[in-house]
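Survey of secondary and tertiary structure
Below are the chains, spelled out letter by letter.
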Amino acid sequence: MAEPTPSEINQQIRKLAGSIRWLGMIVLLNCILLAVLIVILCSPAVFHIPVPGVAPADSQKMATLNFPLGNPSQASVSVPTPMLQDDYQDFYTWPIEKQIAAATVIFVTKNEERDGQLVGVITEILKKKPGVSFYYSVGDIYDREVGKRRPGAPSYTPPPGMVVFCVGNPAHMRYAASYSEEDRVTSLGGLSFEQLKALINRIK
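Note that the structure is a prediction, hence the values are computed from the model and not measured. (Residues numbered from 1 in each chain as written. Predicted model: local features only at pLDDT ≥ 70, side-chain atom pairs only at ≥ 80, totals over all residues. Heavy atoms only, no water.)

1. Looking at the nonpolar core
Residues Phe-91, Ile-96, Ile-100, Ile-106, Val-163, Phe-165 and Leu-196 are the most contacted members of the largest nonpolar core, which totals 23 residues. Mapped by element, the contributors of at least two residues to this core are α2 (96–102), β3 (105–114), β6 (161–167), β7 (172–179) and α3 (193–203). It is α3 that contributes the most residues to this core, 4 residues altogether. If you look at the next biggest cluster of nonpolar residues, it comprises 11 residues, including Phe-107, Cys-166, Ala-171 and Met-173. (Core = buried A, V, L, I, M, F, W, Y, C linked by side-chain atoms within 4.5 Å. Buried < 20%, exposed > 50% of the residue type's maximum accessible area, 1.4 Å probe, protein only. Helix = DSSP H or I, 4+ residues; strand = E, 2+ residues; numbered from the N terminus.)

Listed below in structure tokens is the structure:
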């Protein structure tokens, strides 16, 4: 059997090199596709696929309570509202005029003892936009957890009540600020109830 000539050997080497080059490109392409797949699977915040009937994870967070020690009149709470967190993000930082304009319902609660338990009872509805569904009335218990909050010392005394801002329809609580014994909302710059009512009547 005749030995291959140098030209034949070179031709076979070129064919083998071409095959190796194509194989390398295929391997590289597969690695890129695998990397893209890993990014998609590990980044649900970027590639989010909504599931019917399930609210986004951010909207399922618990309410964040802020009770400054020694000054319960400055207590406030901001609650993420399902499906509304983008429109009302950082609601508690907005100017009071913008909060009032955006709110669909604003009401006041007062802490009372009922059946041996401290609860928040709705005493006044300051604003309710026409056509908005709000399933509470004056006299209804809105907050049954008042007496269970002990954010510091055993001697802690809850504030007299809250001014609650709701958004959306049906109305959902978005932000609440406590008021002092003098009926001033400290976290809103010491705004009195009368001043707050005047602002609501002017803006709504």
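2. Considering the pairing of β7
Burial within β7 is extensive, with 7 of its 8 residues counted as buried. Note that β6 and β7 share 7 bridges and pair antiparallel. Looking across to β7, one finds that Val-167 is bridged to His-172. Here β6 folds back onto β7, and the loop between the two strands holds 4 residues, one of which, Gly-168, carries a positive phi near 80 degrees. (Pairing = 2+ DSSP bridges.)

3. Digging into α3
Three- or four-residue spacings in an α-helix give side chains the same orientation, since the helix completes a turn every 3.6 residues. Taken together, the buried positions of α3 are occupied by Phe-193, Leu-196, Leu-199 and Ile-200. Down the axis of α3, the smallest arc covering the buried residues is 125 degrees, so these residues share one side. Exposed side chains of α3 directed beyond 90 degrees from the buried face belong to Glu-194, Asn-201 and Arg-202. (Arc of directions from axis to C-beta.)

4. A look at the packing of aromatic side chains
Any pair of aromatic rings gets described here by the distance separating the centres and the angle formed by the planes. Here the structure, examined in full by the defined rule, presents 11 aromatic pairs. Both rings, one in Tyr-88 and one in Phe-91, keep their centres 6.4 Å apart while their planes meet at 55 degrees; by these two values the pair is tilted. As far as burial versus exposure is concerned, Tyr-88 and Phe-91 are alike and both buried. Geometrically, the ring pair formed by Phe-107 and Phe-134 is tilted, given 5.3 Å between the ring centres and 40 degrees between the ring planes. In this pair, Phe-107 sits in strand β3 while Phe-134 sits in the loop between β4 (117–128) and β5 (141–143), placing the two residues 27 residues apart along the sequence. In this structure Phe-107 comes out as buried when scored by relative accessible area, which is 0%. (Phe/Tyr/Trp six-rings, centres within 6.5 Å; stacked < 30°, edge-to-face > 60°.)

5. A closer look at the pattern of salt bridges
Throughout the structure, instances matching the rule amount to 2 salt bridges. A salt bridge links Glu-112 to Arg-114; the shortest N-O distance between them is 3.6 Å. For Arg-114, a relative accessible area of 32% gives the class partly exposed. Note that Glu-124 and Lys-197 form a salt bridge whose closest N and O atoms lie 3.1 Å from each other. In this pair, Glu-124 sits in strand β4 while Lys-197 sits in helix α3, placing the two residues 73 residues apart along the sequence. On the accessibility criterion, Glu-124 (29% relative accessible area) is partly exposed. According to the relative accessible area criterion, Lys-197 is partly exposed, its value standing at 24%. (Salt bridge = Lys/Arg side-chain N within 4 Å of Asp/Glu carboxyl O.)

6. Remarks on unusual backbone geometry
Cis geometry is adopted by the peptide bond preceding Pro-170, which originates at Asn-169 and carries an omega value of 5 degrees. Its place among the elements puts Pro-170 in the loop between β6 and β7. With phi around 60 degrees, Asp-90 is a residue other than glycine that occupies positive phi space. With respect to the helices and strands, the residue Asp-90 is situated in the loop between β2 (76–78) and α2.

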